[in-house]
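Read off the chains here:
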Amino acid sequence: MPFKSQSLSKCWTSAANLGYIGLILVLAGGASGMEVLVTNPLTALNGTTVKISCVFTSCYKVDNSKFAMNWSYQETANDTREMFMEFQKKKMQPLNSDKFGDRVMFTGNLDKNDVSITLADVQISDEGLYHCWVRNPPDRVLGLGTIKLIVVTELPPPRDTTIAVAIGASVGGILALLILSMVVVKCVRRHRKQELISDEQKMEEEGKLDAEGGGEEGTKNVYSLPEDVY
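So, here is what we can say about the structure in this document. Bear in mind the structure is a predicted one, so any value in this text is a computation, not a measurement.

### Description of unusual backbone geometry
Of note, the bond from Asn40 into Pro41 is cis; its omega dihedral lies within 30 degrees of zero at -5°. Along the chain, Pro41 turns up in the loop between β1 (34–38) and β2 (42–45). Residue Pro138 is bonded to the preceding Pro137 through a cis peptide linkage, with omega at 10°. Counting through the fold element by element, Pro138 comes out in the loop between β10 (128–135) and β11 (143–152).

### Structural notes on the pairing of β2
With burial as the criterion, only one face of β2 is covered, namely that bearing Leu42 and Ala44; the residues Thr43 and Leu45 on the opposite face remain uncovered. Bridge analysis of β2 against β11 gives four bridges, and the strand direction is parallel. Note that in β11 the partner of Leu42 across the bridge is Leu149.

### Examining the side chain of Gln74
Its location among the elements puts Gln74 in strand β5 (residues 68–74). Among the polar contacts made by the side chain of Gln74, one reaches the main-chain carbonyl oxygen of Asp79 at a distance of 2.6 Å. Other than its neighbours up to four places away in sequence, Gln74 contacts Asp79, Thr80, Arg81, Gly128, Leu129 and His131.

### Some words on the pattern of salt bridges
By the definition in use, this model includes one salt bridge. The shortest N-O distance in the salt bridge between Asp126 and Arg103 comes to 2.9 Å. One end of the pair, Asp126, is in the loop between β9 (117–119) and β10; the other, Arg103, is in the loop between β7 (91–94) and β8 (104–106), with 23 residues separating them in the sequence. On the basis of relative accessible area, Asp126 is assigned to the buried category, the value being 0%.

Calculation rules
- Residues numbered from 1 in each chain as written.
- Predicted model: local features only at pLDDT ≥ 70, side-chain atom pairs only at ≥ 80, totals over all residues.
- Heavy atoms only, no water.
- Helix = DSSP H or I, 4+ residues; strand = E, 2+ residues; numbered from the N terminus.
- Buried < 20%, exposed > 50% of the residue type's maximum accessible area, 1.4 Å probe, protein only.
- Pairing = 2+ DSSP bridges.
- Polar contact = N/O pair within 3.5 Å; in protein donor to acceptor, adjacent residues only side chain to side chain.
- Contact = heavy atoms within 4.5 Å.
- Salt bridge = Lys/Arg side-chain N within 4 Å of Asp/Glu carboxyl O.

Written as structure tokens, this is what we have:
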């Protein structure tokens, strides 16, 4: 059973983390994992040209003497696959196809792990499943990506974003006002609290002054009494 893993030289981060899987891969000769990235589903307008993308990831650089890949078409999942492009003699070669003729061409870049194709003059009959099969030794895992092509006779009308923008702006304005209001209320409350504290401090100071003034006046009165009163 193949494992989706990384190579010993570049992709293993820690033998302890890989555990028994790492041991199996060592015994198997350092198998590597591969992933194929595609756009699925893909919509194309009838009569136009569409790029069917297929990119693969691998821990190994492409070796033209060992690399292998092909493109195939399948009208439905129950139909037989028809191969229409293959990597031969160290380059991509379109195969004789009554369906596509010369409408399909390779537009990828193997140096960037890109094996995409372009289909010209798209027809309604081109709808179906497009399979991108990749093998890049010493990766032991085969890569396969499937794209479902949908052909339409007219594109849907563009969405009017004016209302959405207006609603977004209104909501943003309301939120800004709410935040501003909260800040103002908070500032007012803090200011009032400071005023109350100041008033209380003033009252306490005035009370202290009154008490001290009364004591001094009483003392003066006692010492101002004439001596013959005693």
